[in-house]
Amino acid sequence: LGWRGQGDERGRRTRVPACGTRGESTQGSTSAMARYGGWTMKKLTVAYCEYSGSSRGARDFVERVLPAFRDKYPQYEVAMEILKGKHPYVKGEYTKGKPKVVGIKNLKVGDIEFHMANLRRHTNDKATILKGKVLSKTPSIQGKWTPNTFRHTGLN
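A brief structural summary. Fair warning: this is a prediction, and the values are worked out from it, not measured in the lab.

Cut-off values and rules
Residues numbered from 1 in each chain as written. Predicted model: local features only at pLDDT ≥ 70, side-chain atom pairs only at ≥ 80, totals over all residues. Heavy atoms only, no water. Helix = DSSP H or I, 4+ residues; strand = E, 2+ residues; numbered from the N terminus. Buried < 20%, exposed > 50% of the residue type's maximum accessible area, 1.4 Å probe, protein only. Contact = heavy atoms within 4.5 Å. Areas by Shrake-Rupley, 256 points an atom, 1.4 Å probe, with all protein chains shown as cover. Pairing = 2+ DSSP bridges. Axes fitted to C-alpha atoms, helices over the stretch in contact; angles between N-to-C directions. Salt bridge = Lys/Arg side-chain N within 4 Å of Asp/Glu carboxyl O. Polar contact = N/O pair within 3.5 Å; in protein donor to acceptor, adjacent residues only side chain to side chain. 1 Å grid on protein atoms, 1.4 Å probe; cavity = no way out; pocket = protein on both sides within 12 Å on 5 of 7 lines; lining within 4 Å. Points joined across faces, edges and corners; volume = space filled by probe spheres on them.

Next up on the list: the overall build of the chain. When its secondary structure is counted, the chain shows 3 helices and 8 strands. Secondary structure elements of the chain occur, N-terminal to C-terminal, as β-β-β-β-β-α-α-β-β-β-α. Per-residue burial for the chain yields a buried fraction of 30% across its 156 residues. Considering only residue pairs separated by 6 or more positions, the chain has 59% of its internal contacts joining residues 24 or more positions apart. Accessible surface, the chain as shown: approximately 11,900 Å² in total, 52% of it carbon and sulfur.

In structure tokens:
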């Protein structure tokens, strides 16, 4: 949800969904992935082995959950990759930055769904580093700090 429009009849600003028009519930409007007018994740890849025991949960996920995920989120390109003799993983590719890879070796279907949701919500933005000290135009009422500020009063 975001602030949009000039306001209602009383002059108050109203909250409307960031995706779609006011009052409509569009598919994907509840997701935090839409930023700057587009989806941040482009492609989601599930890689697994057809025979490996560590890929059992990934095979179940691909058979049971992945078709529903594709129907629920059509804005993402979903791909499956078959690796022979390798451990399974889920990879999210984003509009900016490097892809994020999460290993899903020996995980159950519910745990893989959790990692898929995290990849879907991930924005791939770097953390902003704030440099420099904070300067205030209004000085402290208590005065400037000195090494003697918190000395025991009985010694003074």
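One open sheet accounts for 4 strands, arranged β6-β5-β7-β8; its pairing is mixed. Each edge of the open sheet carries a strand with a single partner, namely β6 (77–82) and β8 (100–103). Geometrically, the sheet is characterised by an average inter-axis angle of 15° between neighbouring strands, direction not taken into account.

Across all of its chains, the model carries 2 salt bridges by this definition. Taking the shortest distance from any N to any O, the salt bridge between E93 and K91 comes out at 3.7 Å. Of the charged contacts, one joins D125 and K96 as a salt bridge, the two residues approaching to 2.9 Å between their closest N and O atoms. Pair noted here: D125 is in the segment after α3 (109–121) and K96 is in the loop between β7 (89–94) and β8, with a separation of 29 residues, a long-range link. With relative accessibility at 31%, the residue D125 sits in the partly exposed group.

Structurally, R70 is set in helix α2 (residues 66–72). The residues contacting R70, other than those within four sequence positions of it, are V78 and M80. Of the polar contacts made by the side chain of R70, one reaches the backbone oxygen of V78; its length is 3.3 Å.

For the rest of this paragraph, the subject is helix α1 (residues 56–64). Here α1 has its buried residues at G57, A58, R59, F61 and V62. Lining the buried residues of α1 we find β5 (41–48), α2, β6 and α3.

With that settled, the discussion passes to the layout of surface pockets. Here the largest pocket defines a volume of roughly 160 Å³. In this structure, the largest pocket is lined by F61, V65, A68, F69, K72, Y73, E113, M116, A117 and R120. When contributions to the lining of the largest pocket are tallied by element, the ones reaching two or more residues are α2 and α3. Ranked by the residues each element gives to the lining of the largest pocket, the list is headed by α3, at 4 residues.

This brings us to the environment of R121. By the secondary structure assignment, R121 is in helix α3. Using a relative accessible area of 46% as the deciding quantity, one classes R121 as partly exposed. Along the chain, R121 and T40 lie 81 residues apart, while their C-alpha atoms are 8.8 Å from each other.

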